[in-house]
Amino acid sequence: LDDLIRSWVLMLVQEHRASGNLEEAEHWLRTLRDLTPDLAELQFHEAVQHWYAGHLTEAEAGFSEILAREPDDTAALAARGQVRADLGRFAESLHDLGKARDLLEAFESFENIAYIESGRGLALAGLGRNAEADSAFDTSASLAPDNAWLHFNQGLVAIWREDAG
């Protein structure tokens, strides 16, 4: 029963986060904190909450703590890579995202690679490596054409290119 309740509360956290209701997501995250003995799972969701609330330094710290214990946690690597791109630390972002992609490919787990490639596109564009960025975006689009992160990151890059041009 406890696992079912935790799953339900986690679903509420994710639903409220997705709809932009971050205060309600934080409320349910506090509830999840009381129900979750698994520190890593809780810490991951707290770091995601920081990320979505725009607290990027706190999000990066949370993902880094997870990775200090579990260096090959692909979800934490991918998320920290995305956060580092948001912070403008593109080379560090590429390192995290590349490692996450390599691990997922080794395990033949391709479902999350679309999101990683979207983040790689942003980081590569931030480094001025535009052809590689476009290729990463194309890979992301081929794997998940409706990926909202892909379209968001492509929009950011378009603004950067317009400003630079």
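Residues numbered from 1 in each chain as written. Predicted model: local features only at pLDDT ≥ 70, side-chain atom pairs only at ≥ 80, totals over all residues. Heavy atoms only, no water.

A.B. asks: Would you mind going over the nonpolar core with me for this structure?
C.D. replies: Burial of nonpolar side chains together is a common tendency in soluble globular proteins. The biggest cluster of nonpolar side chains holds 19 residues, and the ones touching the most others in it are Trp-51, Phe-63, Val-83 and Ile-116. Within the residue set of this core, elements represented by two or more residues are helix H3 (39-52), helix H4 (56-69), helix H5 (74-86), helix H6 (90-106) and helix H7 (113-126). Non-local contacts of Val-83, meaning those with residues more than four positions away in its chain, are made with Trp-51, Leu-56, Ala-59, Glu-60 and Phe-63. If you look at the next biggest cluster of nonpolar residues, it comprises 12 residues, including Phe-90, Ala-125, Leu-150 and Val-157. (Core = buried A, V, L, I, M, F, W, Y, C linked by side-chain atoms within 4.5 Å. Buried < 20%, exposed > 50% of the residue type's maximum accessible area, 1.4 Å probe, protein only. Helix = DSSP H or I, 4+ residues; strand = E, 2+ residues; numbered from the N terminus. Contact = heavy atoms within 4.5 Å.)

A.B. asks: Please explain the packing of aromatic side chains as it appears in this structure.
C.D. replies: Aromatic ring pairs are reported here in terms of the distance separating the ring centres and the angle at which the planes meet. A full pass over the atoms with the stated rule returns seven aromatic pairs. Relative to Trp-149, the ring of Tyr-52 has its centre 6.2 Å away and its plane inclined at 65 degrees; by these criteria the two rings are edge-to-face. Here Tyr-52, found in helix H3, pairs with Trp-149, found in helix H9 (residues 148-164); they are 97 residues apart in sequence, far enough to count as distant. Residue Tyr-52 is classed as partly exposed on the basis of its relative accessible area, which comes to 37%. A connected cluster of aromatic rings, assembled from ring pairs, spans Phe-44, Trp-51, Tyr-52, Phe-63, Trp-149 and Phe-152. One residue, Arg-17, lies across the ring of Tyr-52, its end atom 5.6 Å from the ring centre. (Phe/Tyr/Trp six-rings, centres within 6.5 Å; stacked < 30°, edge-to-face > 60°. Lys NZ or Arg CZ within 6 Å of the ring centre and 35° of its normal.)

A.B. asks: What am I meant to see in the environment of Asp-72 here?
C.D. replies: Relative to the assigned elements, Asp-72 resides in the loop between H4 and H5. Accessibility expressed as a relative area gives 41% for Asp-72, which makes it partly exposed. Measuring from C-alpha to C-alpha, the distance between Asp-72 and Leu-103 comes to 7.5 Å, with 31 residues separating the pair along the chain. The contact partners of Asp-72, leaving out residues within four places of it in the chain, are Leu-77, Lys-99 and Leu-103. One polar contact links Asp-72 to Lys-99, side chain to side chain, over a distance of 3.4 Å. (Polar contact = N/O pair within 3.5 Å; in protein donor to acceptor, adjacent residues only side chain to side chain.)

A.B. asks: Explain the side chain of Glu-60 to me, please; I cannot follow it from the model alone.
C.D. replies: With respect to the helices, strands and loops of the structure, Glu-60 is situated in helix H4. For Glu-60, the residues in contact, after removing those within four places along its chain, are Arg-80, Val-83, Arg-84, Leu-87 and Arg-89.

A.B. asks: Would you mind going over the pattern of salt bridges with me for this structure?
C.D. replies: The final tally for this structure, using the stated rule, is 12 salt bridges. For Glu-132, the salt bridge identified is with Arg-129, shortest N-O distance 2.8 Å. With a relative accessible area of 39%, Glu-132 lands in the partly exposed category. Accessibility expressed as a relative area gives 36% for Arg-129, which makes it partly exposed. (Salt bridge = Lys/Arg side-chain N within 4 Å of Asp/Glu carboxyl O.)

A.B. asks: Which parts of the structure should I look at to understand the packing of H6 against H7?
C.D. replies: Relative placement of two packed helices is described by the angle separating their axes and the distance separating the axes. Axis separation between H6 and H7 bottoms out at 9 Å; the angle between their running directions is 155 degrees. Here H6 is positioned roughly antiparallel relative to H7, judged by the angle of their axes. Considering the relative orientation of H6 and H7, their crossing is left-handed. Facing Phe-90, Ser-93, Leu-94, Leu-97, Ala-100, Arg-101, Leu-104 and Glu-105 of H6, the residues of H7 in contact are Ile-113, Ile-116, Glu-117, Gly-119, Arg-120, Leu-122, Ala-123, Leu-124 and Gly-126. When grouped by side-chain class, the residues that make up the contact of H6 with H7 number 10 nonpolar, three polar and four charged. (Axes fitted to C-alpha atoms, helices over the stretch in contact; angles between N-to-C directions. Parallel < 35°, antiparallel > 145°, perpendicular 65-115°, else oblique. Left-handed = near helix turned anticlockwise from the far one by under 90°. Nonpolar A, V, L, I, M, F, W, Y, C, P; charged D, E, K, R; others polar.)

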